[in-house]
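Breakdown of the fold
Single-letter residue listing:
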Amino acid sequence: MKKTEINRFAQNDADRPARKISSATKDCIAQSIQELFARTATRFPDREAVVDDQGSWSYRELARQAELYATHFRSLTSDPFPRALILASQSRETLAVALGALLSGWSFACIDNSYTESLIKGAIERIRPAAIVHTRNGPPMPTLSQTQSDMPVYITASDIPAQDHAPGWLDNHQPVPGGSRTEIAQITFTSGSTGFPKAVAIAHQDYVNLLERWIDLYDIVPEDRIAVQSTFMYDGFLDALVAAAAGATAIIVPEGIYFDGDAWAKYLRGNRVTSLMAVPAAMQLALGSLSPTSLPPRLRRLILIGEACSAHIYRLIDRKLPRNLRIHNSFGISEALLIMDSVVDRSHPVITTSFPPPDRENVPWKLVDDDGADISQKIGATGSLLVAPPGIFTGYVGDDGTVSSHQNDQGYYDTRDLFRVLPDHSLKYLGRKDRRLKWAGYRIEPTEIELAALSVPGVIAARCTITSSNDLQCEVTCDKTEGSMLVIDQIKKAFTEFLPISYSQEIRTIETTVHILSELKKLR
C-alpha cells in the first residue's frame, strides 16, 4: 500500500490528527505522553478509544477514567517523581490507571500474571513504588514485610469512587498536568534471560519520538482498529498509545487467546481489526488451524515484531493470510527504542532479514567492529549496532532504586545485535553477538537451558538450539539405557526450577525435541 492510498480511510483531512509530527510540525511535538493523549482526546472526544472483552470507552470516557485515578494518585504523596506498580491485566482499566499515573506526574510499571510472588516482591524492592494498584484479573498482591518504612499504599482500582465530570483539560482547554520530556514515564522489564529481569526506565521524550516514527512508518489513521496483543508489562502500553496518538481505536486482545486460533480470529473479526502487531511465534500458534476467511475482512496490515521471523513461520503466514494484506517485518530493540522495518514482498518465497538503515536524524546509530571502529559505510562488513539518544532508554533501575545510564563515553548504547552492510547499504540482521537466542519474544540464554538439563542425574551432555521451524530444541545425551521418559520428566521439572520464570513456563508448553541415546523424544 502506498501512502497516497490511505486517503480512502478518512473522509477529509479534518478527520485525522497531525500524524506526521516529526516531518510536519517539529516545534509542536508533545512534551509528554499525557499531552499527546490529551490532544487526541480533545480533538476526538466521542471517537471510540479502547475496547476490551468487557466493553469500550470513547476518548472522553477514557480521559475521565484516567483523571479519576490521577486525582487519587495526587492525594497520596507530594514527593517528586513517585512511581506506581500496576498489577496489570489485559484491560481498559490497566490503560486508564497507567494514563492516570502519568497525568498525576508519576511514572509507572506493569507486572502481569506471568510473575510469581517472589518476582513481584523483587520488582517492588527494585523500583520502590509509592503505590501498588491492583486491576481486574491482575496478579494477587504479595505479602510484604510490615516493618518497611517505605511501605507502598495498596489500591484496588475498582474501589476508587467514580466522578461524573470530565477533566478540565478536556472540556475547558486547561493545561495538561504532569510530566516533562526528560522525566521517566514507564519502567518496563526485560524477559529475565540472564537472571532477574532488568528494569528499563523510559523517558517521555523517548516514547513520544518512538510514537511519531510508528505512526509515520505504518500509516496509522483514525479509522484504524489496532489489536493490542502484547501484555502491558512489555509492549502493550506502547501499542495502545500508537492508537491513541493517531486517534485510532485500541482493541485489547484477551491474554492467551491466540492459543485457541478460532477464538482469536473470532475476537479480531468481531472487533473489525485493521492492524495487527504480533511476535511470529504467536502468529504460528494462532494460524495453525485457520482458514484465511476466518480473519477480519478489513485487516490490512500485519506487523511482525519482537523477534526474527523464520522461513517456516513466514511460509505459514503467507499461506494463511490474504494476498492483499501488507506485512511488515520489523526489528525492535526495547532498550534502544529503535524500529528497523521492511515491507515484505509477498511474491518472494523467503522473508528478508535486511532492513533500510534507520534515519540518523531521528536516531543516531552506527555499526562498529570488535575494535570499536565505525564500519557503517563499509560494504560487506559485520559489526554490532550502537544507538544514541533520543532513540535510547534512559537507563536501568538499580537495586537502590536509582536510574543509571548504560551509554559509553560517546553516548552510545551497544545493543549487541550483529548486522552486515549490504551493497545497497541496507543492514542484514545476523543474530546476537553473544550466544543468546531470540525465541517467542524472549531473549533465551542457551547455556541456562543446557545447565538445567545437565542438573538431571544421568544427563552427561546437552545442546540447545532453535530449529528452522522455530521450535526450541534441546539435544540431550544420557548414560542411561532405560527409563528415558523418566529422564524427560525430570528435565521438564528442571526447566521450571532452574530457568527464569518469564520463559520457563513457555518452554514447557512448546514442543522441544530431546535426543537421548540416539532416540528422538517429544517434550511437551
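Residues numbered from 1 in each chain as written. Predicted model: local features only at pLDDT ≥ 70, side-chain atom pairs only at ≥ 80, totals over all residues. Heavy atoms only, no water.

**Here's the deal with the overall build of the chain**
Secondary structure assignment for the chain yields 14 helices and 27 strands. Counting only residues that meet the buried cut, the chain has 56% of its 524 residues in that class. Carbon together with sulfur atoms contributes 50% to the accessible area of the chain, which is approximately 21500 Å² in total. (Helix = DSSP H or I, 4+ residues; strand = E, 2+ residues; numbered from the N terminus. Buried < 20%, exposed > 50% of the residue type's maximum accessible area, 1.4 Å probe, protein only. Areas by Shrake-Rupley, 256 points an atom, 1.4 Å probe, with all protein chains shown as cover.)

**Quick notes on the environment of Gly383**
Within the secondary structure, Gly383 sits in strand β17 (residues 382-387). Separated by 33 residues in the primary sequence, Gly383 and Arg416 place their C-alpha atoms 9.0 Å from one another. When neighbours within four sequence positions are excluded, Gly383 is seen to be in contact with Leu367, Val368, Ile375, Asp417, Leu418 and Phe419. (Contact = heavy atoms within 4.5 Å.)

**Structural notes on the nonpolar core**
Counting residues in hydrophobic clusters, the biggest one holds 68 residues, and the most contacted among them are Leu62, Phe73 and Phe237. With residues near it in sequence (within four places) discarded, Phe237 still touches Ile33, Leu95, Ala98, Leu99, Leu102, Phe108, Gln186, Tyr207 and Phe232. Core analysis: the next-biggest nonpolar cluster, separate from the first, contains 29 residues, Val51, Leu268, Leu302 and Leu316 among them. (Core = buried A, V, L, I, M, F, W, Y, C linked by side-chain atoms within 4.5 Å.)

**Examining the packing of aromatic side chains**
One pass over the full model with this rule turns up six aromatic pairs. Seen in terms of ring centroids, Phe73 and Trp106 are 4.8 Å apart; in terms of plane orientation they differ by 40 degrees. Their pairing is tilted. Within this pair, whereas Phe73 is found in helix α3 (residues 59-74), its partner Trp106 is found in the loop between α4 (92-103) and β4 (107-111), the two being separated by 33 residues in sequence. In this pair, the class of Phe73 matches that of Trp106, namely buried. These aromatic residues form a ring-pair network of at least three members: Phe108, Tyr207 and Phe237. Here the basic side chain of Lys366 rests over the ring of Tyr412, its NZ or CZ set 4.6 Å away from the ring centre. (Phe/Tyr/Trp six-rings, centres within 6.5 Å; stacked < 30°, edge-to-face > 60°. Lys NZ or Arg CZ within 6 Å of the ring centre and 35° of its normal.)

**A few points about the sheet that holds β17**
Taken in spatial order, the five strands line up as β15-β21-β20-β17-β16 in an open sheet, and their pairing is antiparallel. The sheet is open, and its two borders are formed by β15 (354-355) and β16 (365-368), each paired with just one other strand. (Pairing = 2+ DSSP bridges.)

**A word on the pattern of salt bridges**
Applying the stated criterion to the full structure yields eleven salt bridges. In this structure, the salt-bridge partner of Arg136 is Asp53, at a minimum N-O distance of 4.0 Å. Placement of Arg136 in the loop between β5 (131-134) and β6 (153-156) and of Asp53 in the loop between β1 (48-52) and β2 (55-58) is noted, with a sequence separation of 83 residues between them. Here Arg136 falls in the partly exposed class, since its relative accessible area comes to 30%. (Salt bridge = Lys/Arg side-chain N within 4 Å of Asp/Glu carboxyl O.)

**Quick word on helix α7 (residues 204-218)**
An ideal rise of 1.5 Å per residue puts 21 Å on 15 residues; α7 measures up with 21 Å between its terminal C-alpha atoms. Judged by how many residues are buried, α7 sits mostly within the fold: 13 of 15 residues are covered. Just downstream of α7 lies Asp219, where phi reads positive at about 55 degrees. (Expected span 1.5 Å × (residues − 1).)

**Side note on the side chain of Ser330**
Tracing the backbone through its elements, the reader meets Ser330 in strand β13 (residues 326-333). Setting aside chain neighbours within four positions, we find Ser330 in contact with Tyr218, Ile303, Leu304, Ile305, Gly306, Met340, Asp341 and Phe355.

**Considering the pairing of strand β3 (residues 83-87)**
With respect to burial, β3 is a largely interior element, five of its five residues being buried. By the alternation rule, side chains of β3 split into Arg83, Leu85 and Leu87 and Ala84 and Ile86, which are all buried. Taken together, the five bridges between β3 and β4 define a ladder with parallel strand orientation. Looking at the pairing, Leu85 lines up with Ala109 of β4. With α4 bridging β3 and its parallel neighbour β4, the resulting β-α-β unit is right-handed. Strand direction decides the pairing type here: β3 and β5, joined by four bridges, are parallel. (Right-handed = clockwise from strand over helix to strand, strands pointing away.)

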